[in-house]
Amino acid sequence: MAESSVDKPDLMGHWVLDRNDENLDAYLAALGMNWFIRKMVRLASPTIDISKEGDKITVATHTPKGDLVDCFTPGDEYEMKNPMSGLTEKKKGYWDGDCLVVEPVERDDLPVVKRTVKDGFLQATASVKGVTTVRYFKKK
């Protein structure tokens, strides 16, 4: 997807989970997580660190199970090892208007995540298999 001329929000910084929407459980189920794991995820308080060096953006999501680190130049494909599954995932990150999008390449069973800032919150909207959830993070 081509870069747009829309002003990009300032996503950089340390973000702490504030709340989840009501659809998180259905989203986690669509990912194939069992009830116990879904309960643990709902109780966890992940944090996100977003930084930029030159053109390269790093989005590090810190969870009790491990860190998910996406490091990419917008528009380029990259690989990332998922500590939860142990698998290497091929992804692409890019700007779509005011949203920073990270999506899987060649797989439809992995989530597409869109991040933007609205009303002072980093909104991380994740979709998989037609199920969407939004998680809200406050900057610290």
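Residues numbered from 1 in each chain as written. Predicted model: local features only at pLDDT ≥ 70, side-chain atom pairs only at ≥ 80, totals over all residues. Heavy atoms only, no water.

Participant: Can you tell me about the pattern of salt bridges, naming the residues and giving the values?
Facilitator: Summed over the entire model, instances satisfying the criterion amount to nine salt bridges. One salt bridge in this structure joins E77 and K90, with 3.5 Å as the shortest N-O distance. Pair noted here: E77 is in strand β5 (residues 77-81) and K90 is in strand β6 (residues 88-96), with a separation of 13 residues, a long-range link. For E106, the salt bridge is made with K90, and the minimal N-O distance between the two is 3.9 Å. (Salt bridge = Lys/Arg side-chain N within 4 Å of Asp/Glu carboxyl O. Helix = DSSP H or I, 4+ residues; strand = E, 2+ residues; numbered from the N terminus.)

Participant: Got a sec to walk through the pairing of strand β8 (residues 112-118)? Specific residues and values, please.
Facilitator: In this sheet, β8 lies alongside strand β7 (residues 99-104) in antiparallel orientation, the contact comprising three bridges. Bridge pairing in β8 places V102 opposite V113. Relative to strand β9 (residues 121-128), β8 runs antiparallel, the two sharing seven bridges. Note on β9: the bridge partner recorded for K114 is T125. (Pairing = 2+ DSSP bridges.)

Participant: Tell me about the environment of V69, and please be specific about residues and values.
Facilitator: Here V69 lies in strand β4 (residues 66-72). Spatially, the C-alpha atoms of V69 and N82 are 8.2 Å apart, while their sequence positions differ by 13 residues. Apart from the residues within four sequence positions on either side, V69 is in contact with T58, V59, A60 and M80. (Contact = heavy atoms within 4.5 Å.)

Participant: Give me the packing of aromatic side chains: which residues, what numbers.
Facilitator: As enumerated under the stated definition, the model contains two aromatic pairs in all. Measuring from centroid to centroid gives 5.3 Å for F72 and Y78, while their planes differ by 15°, and the two rings are stacked. Over the aromatic face of F121 sits the side chain of R19, whose NZ or CZ is 4.8 Å from the ring centroid. (Phe/Tyr/Trp six-rings, centres within 6.5 Å; stacked < 30°, edge-to-face > 60°. Lys NZ or Arg CZ within 6 Å of the ring centre and 35° of its normal.)

Participant: Tell me what's going on with the pairing of strand β3 (residues 56-63), and back it up with residues and numbers.
Facilitator: Sheet topology note: the strand β2 (residues 47-53)/β3 ladder contains seven bridges and is antiparallel. If you follow E53 over to β3, its bridge partner there is K56. Here β2 hands over to β3 after two residues, with G54 in that stretch at a positive phi of 65°. Across seven bridges, the pairing between β3 and β4 is antiparallel. Bridge assignment links A60 to a residue of β4, and that residue is V69. The turn linking β3 back onto β4 is made up of two residues.

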